[in-house]
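Report on the structure
Spelled out from the first residue to the last, the chains are:
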Amino acid sequence: MDKNLKPATIAAHAAGVLDAQSGGVVPALQPSTTFTRDENYELHRPDNIYSRDNSDNLRQAEEVLRVLEDAQETLLFPSGMAAIAAVFRTLPNGGTAIIQSGIYWGTTAWIRDFCTRREITLIEVGADDLPTVCRQQSADLIFIETPSNPWLKTVDIRAIADASDATLIVDGTAATPILTRALDHGADIVMHSATKGINGHSDVLAGVLSTRTNDATIWTMIKSDRKMAGAILGPFEAWLLIRAMRTLPLRVERMSQNAQTLAEALLAHPKVDDVLYPGLPHHAGHDVATKQMKGGYGSLLSVLVKGDRAEALRVVGKLQLFLRATSLGGVESLVEHRYTIEPHTGIPENLIRVSVGIEDISDLIADWTQALG
Ligand SMILES: *Cc1c(COP(=O)(O)O)cnc(C)c1O
């Protein structure tokens, strides 16, 4: 497809994929694990041998994401964590990594364990100190997450890219490629948990990496390891992703509008202490977010209710539309009391993380109003 087309057009057409065999406007699901050779032992299609290497549905889903990110190459993985692990496995033993602190807890927990086992020096730095530390400290790799989950910290991607020669990886899960194209802001690789907003229907587990330059050594290693070690996404998941991504821009637009309106309503509520959301003018990262997020500030926010853990749990228990479940970026709104999940990480006891869906905003506000009571 013409690369100058807008994201909504690219997504609606799934980057131009059609089914050549049937003429269908939707690609066929091809679950075969193995592919035939003819009587002269030539492959029917040289790029199809065995589905641990690749598959048509995987390539089609990757192409949609590649065009949306304006990347040179995109690779899908069976989960967001598998995509993050694929990046860190390229680090040499005894190397150095800088990661932002206070990010997605699953990421921090796995990276700490991995770096200990591989004798990699791990430097964890708060979002505010990242530019200074990245300028002073040499490293093989820098990993940041913006906006961060569940603190909603915003990091200036361009400032970190300019501060260091290290490979810069950005977890853009909360922004999606619709709101931020991290590669345009200087990231070397952008990662997303496609389980979240990219799929958006809470029914596919997937992760994705996209690169600015596909001849970089780190990318060659990631690509070869995915193929040889088998961290591949199955064709059915890829096919579901293609289907879901047709409405990605539409969903992100609606969720961001809903989240902005809900954040403003909650901030004005007498029983709320604060709302962490980059779309609010009093948010410390508002200016940076405005610079690098286009079309909204995403679906993720955290609410600090007045009171203690019991009060937060009481409010969460009274919500009816906001389902009490982990994850984010789905069409249905969710809440999570993060302290119950990660009490050891310094998360406030009165923090409620909210993933805002595509429901009618007046219903969402009414639900919070009755719950805060
Ligand atoms: C969920 C999430 C991940 C991990 O992705 P999975 O698909 O659950 O493995 C990584 N980063 C962020 C910001 C997330 O929200």
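It should be noted that the structure appears before, not after, this text.
Please read all numbers here as calculations on a predicted model, not as lab measurements.

Criteria and thresholds
Residues numbered from 1 in each chain as written. Predicted model: local features only at pLDDT ≥ 70, side-chain atom pairs only at ≥ 80, totals over all residues. Heavy atoms only, no water. Salt bridge = Lys/Arg side-chain N within 4 Å of Asp/Glu carboxyl O. Helix = DSSP H or I, 4+ residues; strand = E, 2+ residues; numbered from the N terminus. Buried < 20%, exposed > 50% of the residue type's maximum accessible area, 1.4 Å probe, protein only. Contact = heavy atoms within 4.5 Å. Core = buried A, V, L, I, M, F, W, Y, C linked by side-chain atoms within 4.5 Å. Domains from an automatic or database assignment.

Attention now moves to the pattern of salt bridges. Once their charged atoms are close, side chains differing in charge can pair, the charge on each being opposite to the other. In total, this model carries 18 salt bridges according to the counting rule given. A salt bridge links Asp188 to Arg212; the nearest nitrogen and oxygen atoms lie 3.0 Å apart. Placement of Asp188 in the loop between α7 (176-179) and β6 (189-193) and of Arg212 in the loop between β7 (207-211) and α8 (217-229) is noted, with a sequence separation of 24 residues between them. In this structure Asp188 comes out as partly exposed when scored by relative accessible area, which is 22%. Each member of the salt-bridge network shares a partner with another, and the members are Arg45, Asp47, Asp56 and Arg59.

On to the side chain of His283, then. Summarising the element assignment, His283 is placed in the loop between β8 (272-276) and α11 (286-292). Here His283 falls in the buried class, since its relative accessible area comes to 13%. With residues up to four places along the chain from it excluded, the contact list for His283 reads Leu152, Thr154, Leu276, Tyr277 and Pro278.

Most often, soluble globular proteins have nonpolar side chains that are buried together. Among the nonpolar cores identified, the biggest contains 56 residues, and Leu241, Leu301, Ile352, Val354 and Trp368 are the most heavily contacted of them. Mapped onto the domain boundaries, this core takes at least three residues apiece from domain 1 (7-245) and domain 2 (248-372). With 24 residues, the next largest nonpolar core counts Val87, Phe88, Leu141 and Ile222 among its residues.

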